[in-house]
Amino acid sequence: MDNLEIYKLTPDRLDDYLYFFENVAHTDNKQWDRCYCLDYCSASNAHLSKEFDDADVRRKYAIEYVNKGIIQGYLAYYNNQPVGWLNANDRDKCTNCMGMQEDIFNFKKIKMSDKKIKSIFCFTVAPEMRGKHIAQALLERAIEDAKADGYEYMEAYPNKKDADIYYNYVGPMGLYNKFGFEKYGKTKYRFILRKKL
């Protein structure tokens, strides 16, 4: 797609990240409004607190996590406006993430890996930009960077069963098949896919 650019999330892109989650990401799904994708970052066991129900509290943590490099990923821009997000982080820095413990592996203790693995946790694309291969462009960039950064594998956790567009935030099997991911394991609700880099 012309005029599509992908950038790694850095503190100087904080304002765009906040704008995306506050005005773009979930305009058609108010249940997830201002989520900031915080369930999938290494400090997110703080989210178990009831105070995290408050969007302003989540925003405060989002600012902290971006500035400290705790939450990692990529923003997609179309015509210089943020239209997509991919949460991609070091797997072993996320073993305490609420999303990893509850959504993906469904048990409380996740074993550390002896491999250097970059995990793909979440895609979010602006409603009007869906179906335009933005998730594909985000994943392609994440794979390129993971190789350059010395990761041995990429890992992803798509749903076993078909899900609606919202609960398919983990990415569809077809996308991962296109990039050569293979089944490595499974949990109650998810496949664990890996791609050797």
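Structure: see above.
Nothing here was measured: the structure is a model prediction, and the numbers come from that model.

Participant: What's the story with the layout of surface pockets in this structure? I'm lost.
Facilitator: To locate leftover empty space, one rolls a probe as large as a water molecule over the atoms. Taken as a whole, the second largest pocket encloses approximately 490 Å³ of empty space. Lining the second largest pocket are 21 residues, and of these F123, V125, R130, A135 and P172 sit closest to its centre.

Participant: Before we go on, may I ask you to explain unusual backbone geometry in this structure?
Facilitator: Trans is the prevailing form of peptide bonds, just as negative phi is the prevailing case for residues other than glycine. Phi angles above zero are rare outside glycine, and R34 is one such case at about 55 degrees. By the element assignment, R34 lies in the loop between helix 1 (14–23) and helix 2 (55–67). Even without a glycine there, the phi angle at H133 is positive, about 70 degrees. Mapped onto the fold, H133 is located in the loop between strand 4 (117–125) and helix 4 (134–148). For H133, a relative accessible area of 55% translates into the label exposed.

Participant: What should I look at first to understand helix 1 in this one?
Facilitator: In an α-helix there are 3.6 residues to a turn, and that puts residues three or four apart on one side. Within the span of helix 1, buried status applies to L14, Y17, L18, F20 and F21. Take helix 1 and look down its axis: the buried residues cluster within an arc of 160 degrees, on one side only. Looking at the packing, one finds that the buried side of helix 1 touches helix 2, strand 2 (73–78), strand 3 (81–90) and strand 4.

The rules behind the values
Here the residue numbers are simple positions, counted from 1 along each chain's written sequence. It should be noted that, the model being predicted, local features are given only for residues of pLDDT at least 70 and side-chain atom pairs only at 80 or more, the latter also being counted only at that level, while totals for whole chains, interfaces and linings use all residues. As a rule here, side-chain values cover all heavy atoms of the structure and leave hydrogens and water aside. Here the term cavity refers to a set of points on a 1 Å grid, laid over the protein atoms alone, in which a 1.4 Å probe fits but cannot get out; the term pocket refers to an open set having protein on both sides within 12 Å along at least five of seven lines, with lining residues being those that place an atom within 4 Å of a point. Grid points are joined across faces, edges and corners, and a volume is the space filled by probe spheres set on the points. Runs of H or I in DSSP of at least four residues are treated as helices and runs of E of at least two as strands, each being numbered from the N terminus. Per-residue accessibility, obtained with a 1.4 Å probe over protein chains only, is compared with the maximum for each type, and a residue is labelled buried under 20%, exposed over 50%, and partly exposed between these values. The directions from the helix axis to the C-beta atoms are what the arc is built from. Here a residue-residue contact requires only that any non-hydrogen atoms of the pair lie within 4.5 Å.

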